[in-house]
Amino acid sequence: MGACFSDVKGGQEAVGVAQQSQQSTATGSGDGHNDAVDLYHTAKGLKPLFTQIELSLSASNLRDLDIVSKSDPMAVAYAKKKDGTLEELGRTEVIMNCLNPAWIQKINVTYQFEIVQPLVFQLYDIDTSFHSLPVKMLKLKDQEFLGEASCVLSEILTKRSQSLTLNLRGKNGRSSLRNLGTLTVHAEETVASKNAVEIIFRCSHLENKDLFSKSDPFLRISRISESGVSIPICKTEVVTDNLNPVWKPLPLTMQQFGSKENPLLVECFDFNTSGNHEIIGKLQKSVADLEKLYRERVGVNFVLPSSHSHAHEKVLKGQLFVDGFCEKKQYSFVDYISSGFELNFMVAIDFTASNGNPHFPDSLHYIHPTGQLNAYQQAIMEVGEVIQFYDYDKRFPAWGFGGRTHAGSVSHCFNLSAAGLEVEGVQGIMSSYANALHNVTLAGPTLFGQVINTAAEIAGHSLTYNRSKYFVLLIITDGVLTDLQETKDALVRASDLPLSILIVGVGGADFKQMEILDADNGQRLESSTGRVATRDIVQFVPMREVHGGEISVVQSLLEELPGQFLTYMRSRDIKPLTINDPPGLAQSYS
């Protein structure tokens with residue numbers, strides 16, 4: 001997941017901007033919309049016809065709540081339900097030291113014509129002590145409130161410019177004696193296209209804006225809408241102390257740029273930690289124009305408004321070059337699943353003593369005589385309903401770990417069912433779990449390594465005969481882990497395989513170790529030998545937050561799975577089973 005910044009570290013590494021947009025293309029869209037969730041709901045008959053809308057946010061004249069610098073604003077969007085409660089739709093990145101932010105991260109909303117859809121937007125100044133966290137992990141109660149605005153989605157869509165500027169008010173819409181600034185919301189229908197490009201930009205002879213060193217340039221690219229509104233869509237990282245920078249490949253989807261003929265505004269800035277980035281130059285080109293620059297191996301000069309007349313532009317010495325242009329298809333999660341790719345789920349349940357003696361009511365494994373489900377049974381039922389929808393044959397390898405089996409020794413990976421490796425459906429997991437509690441003594445320590453290695457062995461074996469299988473290991477645990485480094489080692493090894501791991505936490509334990517394994521801070525796991533994971537394959541879901549109403553079990557379980565699945569498939573150039581690309585589409589750099 002994307003991290004917190006779009007400036008300072010984020011400006012310098014494009015964390016929270018380029019990373020988030022890549023994640024968006026992986027899942028099929030941005031925050032608030034997920035192909036896997038949509039497919040699940042649609043199959044259940046829970047969704048009427050809808051249109052997918054993308055909201056771009058910007059603000060002006062925000063309050064400055066910081067003493068020695070400016071506010072670091074982030075916007076959060078909510079849908080207001082009929083009972084008045086707010087359901088979070090998504091968050092922007094944090095922009096540091098800025099009172100007039102234009103956020104790049106978009107908010108996706110499902111527009112239903114027949115329903116009134118009230119929206120609420122809240123802006124926060126993010127404290128510097130939280131700047132290392134991904135935005136989704138920020139606790140809003142710990143941040144300073146900047147203002148709130150509300151409207152109905154149709155109000156934005158019925159404007160000719162599809163933009164609506166709202167005055168910011170106090171919490172819950174209360175009026176304020178102070179001017180809190182304004183929020184502008186721009187709406188556009190999501191472009192349903194799989195086309196994408198990856199571009200390598202280079203500049204030469206940029207003007208030096210710094211006194212004691214060279215400029216620290218980065219590019220910001222914006223789409224110019226039909227109404228003339230400039231909508232930021234991505235940034236490069238910052239290249240420090242360099243007037244001839246080359247940036248990392250920048251991915252752009254058609255959802256971002258609209259069409260190859262749409263005008264794009266390319267601006268080059270000198271990065272400043274104060275947030276006052278100084279413009280070096282700008283130019284306007286379409287994706288088709290950028291492709292032509294690449295083909296012809298020529299550059300184009302930046303311009304700036306003339307100091308004598310804004311009607312004229314000053315042509316600068318600095319030039320922009322396109323060193324790489326690769327056009328490709330970005331297939332969605334649903335494209336793969338509907339073409340015959342199979343998800344294969346495996347389940348592992350924690351039988352360690354930290355869960356409490358199952359004969360006592362305070363145990364997480366206590367079987368209630370009234371039929372009331374314990375914490376593990378609730379997790380199996382709620383999670384199982386979701387995962388069995390995606391499992392192609394509804395048969396699951398089911399294991400326990402950390403228990404003393406009838407053989408007398410503690411096993412860290414034993415079959416739940418006496419009949420063999422697999423069980424049939426959710427009820428099969430439930431009955432095998434209940435039977436195992438009569439035959440297995442809770443013990444320890446809590447070791448994940450063996451079940452991860454067993455799942456990895458199954459996933460690795462599948463590569464020899466079928467590349468259209470992807471495996472998901474579901475671990476249900478109370479969260480007290482003994483072998484953190486050994487687990488990291490197993491996960492790093494498994495990151496090369498068609499495997500994801502969902503860890504569901506039950507009970508009220510401290511889940512800090514699980515959050516470390518989730519690697520949502522943007523840093524991939526590292527093994528004891530120094531090897532870094534190829535990709536993030538872990539998603540952690542605390543059931544207490546599901547039961548507390550903070551997140552839905554469907555959304556939380558499937559939040560990262562499509563992106564992990566697609567990262568694996570794309571890294572190996574594995575296409576959906578029925579796809580044959582036309583010649584010249586997946587062009588390589590030359």
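This one's a predicted model, so the numbers in the text were calculated from it and none came from an experiment.

(A) Structural detail: the overall build of the chain. Looking only at helices and strands, one finds 15 helices and 26 strands in the chain. Within the chain, counting contacts between residues at least 6 apart in sequence, those at least 24 apart form 72% of the total. Accessible surface, the chain: about 25800 Å² in total, of which carbon and sulfur atoms supply 51%.

(B) Region of the structure containing the packing of helix H8 (residues 375-390) against helix H9 (residues 425-439). Where H8 meets H9, the closest approach of the two axes is 9 Å, and the angle between their N-to-C directions is 155 degrees. It follows that H8 is roughly antiparallel to H9 by the angle criterion. Helix-helix and strand crossings are classified by hand; for H8 and H9 the assignment is right-handed. Residues Tyr376, Gln377, Ile380, Met381, Gly384, Glu385 and Gln388 of H8 form the contact with H9, whose participating residues are Gly425, Val426, Gln427, Ile429, Met430 and Tyr433. A breakdown of the residues in the contact of H8 with H9 according to their chemical character gives 7 nonpolar, 5 polar and 1 charged.

(C) Fine view of empty space enclosed by the protein. Scanning the entire structure with this criterion turns up 1 cavity of 30 Å³ or more. Reported here for the largest cavity is a volume of approximately 40 Å³. Lining of the largest cavity is provided by Leu491, Leu517, Ala519, Arg524, Leu525, Ala533, Arg535, Asp536, Ile537 and Val538. Split by residue class, the lining of the largest cavity holds 7 nonpolar, no polar and 3 charged.

(D) Quick peek at the sheet that holds strand S8 (residues 182-189). Pairing is antiparallel across the open sheet formed by 4 strands, whose spatial order is S4-S1-S8-S7. In this open sheet, the two edge strands, each paired with only one partner strand, are strand S4 (107-111) and strand S7 (163-167). Taking the axes of each pair of neighbouring strands and ignoring which way they run, one obtains an average angle of 30 degrees across the sheet. In the sheet, strand S1 (residues 51-60) pairs with S4 via 5 bridges, with the strands oriented antiparallel. Counterpart to Leu55 in the pairing with S4 is Ile107.

(E) View of the nonpolar core. Phe345, Ile349, Phe351 and Phe565 are the most contacted members of the largest nonpolar core, which totals 50 residues. Tallying contributions element by element places H8 first for this core, with 7 residues. Contact partners of Phe345, with chain neighbours within four places excluded, come to Ile387, Tyr390, Asp391, Arg395, Phe396, Pro397, Val472, Leu502 and Leu561.

(F) How the structure looks around the environment of Leu474. Tracing the backbone shows Leu474 in strand S24 (residues 469-477). Distance from Leu474 to Leu502, taken between C-alpha atoms, is 4.8 Å for residues 28 residues apart in sequence. Residue contacts for Leu474: discarding those within four places in its chain leaves Met346, Val347, Ala348, Val383, Ile387, Leu502 and Val504.

(G) Representation of the side chain of Arg63 in the model. Note on placement: Arg63 falls in the loop between S1 and strand S2 (73-80). Of the side chains with opposite charge, Glu144 comes closest to the buried, unpaired Arg63, at an N-O distance of 7.0 Å. Polar side-chain contacts of Arg63 include one of 2.8 Å to the backbone oxygen of Phe145. Here Arg63 is in contact with Ser71, Leu99, Phe145, Leu146, Arg178, Asn179 and Leu180, once residues within four sequence places are set aside.

(H) Geometry of the packing of aromatic side chains. A full pass over the atoms with the stated rule returns 14 aromatic pairs. The interplanar angle of 90 degrees and the centroid separation of 6.5 Å between the aromatic rings of Tyr331 and Tyr336 together place this pair among those described as edge-to-face. Here Tyr331 matches Tyr336 in class, with each residue buried. Of the aromatic side chains, those joined through ring pairs into one cluster are Tyr331, Phe333, Tyr336, Phe341, Tyr470, Phe565 and Tyr568.

Rules used in this analysis
Residues numbered from 1 in each chain as written. Predicted model: local features only at pLDDT ≥ 70, side-chain atom pairs only at ≥ 80, totals over all residues. Heavy atoms only, no water. Helix = DSSP H or I, 4+ residues; strand = E, 2+ residues; numbered from the N terminus. Contact = heavy atoms within 4.5 Å. Areas by Shrake-Rupley, 256 points an atom, 1.4 Å probe, with all protein chains shown as cover. Axes fitted to C-alpha atoms, helices over the stretch in contact; angles between N-to-C directions. Parallel < 35°, antiparallel > 145°, perpendicular 65-115°, else oblique. Left-handed = near helix turned anticlockwise from the far one by under 90°. Nonpolar A, V, L, I, M, F, W, Y, C, P; charged D, E, K, R; others polar. 1 Å grid on protein atoms, 1.4 Å probe; cavity = no way out; pocket = protein on both sides within 12 Å on 5 of 7 lines; lining within 4 Å. Points joined across faces, edges and corners; volume = space filled by probe spheres on them. Pairing = 2+ DSSP bridges. Core = buried A, V, L, I, M, F, W, Y, C linked by side-chain atoms within 4.5 Å. Buried < 20%, exposed > 50% of the residue type's maximum accessible area, 1.4 Å probe, protein only. Lys, Arg positive; Asp, Glu negative; His and termini not counted. Salt bridge = Lys/Arg side-chain N within 4 Å of Asp/Glu carboxyl O. Polar contact = N/O pair within 3.5 Å; in protein donor to acceptor, adjacent residues only side chain to side chain. Phe/Tyr/Trp six-rings, centres within 6.5 Å; stacked < 30°, edge-to-face > 60°.

That's the geometry; what it means functionally is another story.
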